[in-house]
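So the chains spell out like this:
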Amino acid sequence: LEEGIETPALVFFPDEINVNSGETFTVSVYALDVEDVTGAYINVNYDQNKLLLMAINPGTFFSDLQDPIYFTETENSGTVELYTAFLGSDSTSVSGTGSFMSIVFSASAGGKSTITYGADCELVDPDDNPIEIKGFGEGIVNAN
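Scope of this entry: the structure provided in the associated data block. (Residues numbered from 1 in each chain as written. Predicted model: local features only at pLDDT ≥ 70, side-chain atom pairs only at ≥ 80, totals over all residues. Heavy atoms only, no water.)

What follows deals with the environment of G22. Locating G22 in the fold gives a position in the loop between β2 (16-19) and β3 (24-37). Along the sequence, G22 and A109 sit 87 residues apart, while their C-alpha atoms lie 7.3 Å from each other. Among residues more than four places away in sequence, those in contact with G22 are S106 and A107. (Helix = DSSP H or I, 4+ residues; strand = E, 2+ residues; numbered from the N terminus. Contact = heavy atoms within 4.5 Å.)

The following block contains the structure:
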């Protein structure tokens, strides 16, 4: 994962992708070194002129807990929004590093594009207090 990013952070893995135009690829949305997370709002921006959104798959960050709620919004508009939360006992939360979701794109045009996090991403603790996100990674896609 990315060097030199202050944690807790949101990063992409892999953070640089080389593909041929028309190929599909998957990038994962990772939380890095977070503590006591019970919910997240993640906003990912991409260049819809170069990348075509194919699928969004749940990550494994809350998979040890029972039935997290998980939903996404997108209209291939250049933004993917993820809302996920664990609705359980007040003392249950997740700490560490893990994937919130993986996004499958197709490189619809050649050239370089970036995948970035929106400034309004939020992680919350069991009391619904925001957890400061100190670092945001960037994904780079090089399509031939």
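On we go from here.
Let's shift gears to the pairing of strand β1 (residues 9-13). Counting buried positions over the five residues of β1 gives four, a clear majority of the element. Alignment of β1 against strand β12 (residues 135-136), held across two bridges, turns out to be parallel. The residue of β12 that forms the bridge with A9 is G135. (Buried < 20%, exposed > 50% of the residue type's maximum accessible area, 1.4 Å probe, protein only. Pairing = 2+ DSSP bridges.)

This part takes up the environment of L52. Along the chain, L52 falls in strand β5 (residues 51-58). Take L52: its relative accessible area is 36%, and that puts it in the partly exposed class. In this structure the C-alpha to C-alpha distance between L52 and T24, which are 28 residues apart in sequence, comes to 8.9 Å.

Moving on, we get to the nonpolar core. By size, the foremost hydrophobic cluster in this structure holds 36 residues, and its most contacted members are I42, V44 and F100. When residues no more than four places from it in sequence are discounted, the contact partners of V44 are F12, V29, G78, T79, V80, M101, I103, I115, T116 and Y117. (Core = buried A, V, L, I, M, F, W, Y, C linked by side-chain atoms within 4.5 Å.)

Below, the discussion takes up the sheet that holds strand β8 (residues 94-107). Pairing within the open sheet is mixed, and its five strands lie in the order β5-β8-β3-β1-β12. Each of the sheet's edge strands pairs with one partner strand only, and the pair in question is β5 and β12. In this structure, β1 lies alongside β3, joined through five bridges in antiparallel fashion. Each residue of the ladder has a partner; that of F13, found in β3, is S28.

Read these as geometric descriptors, not functional statements.
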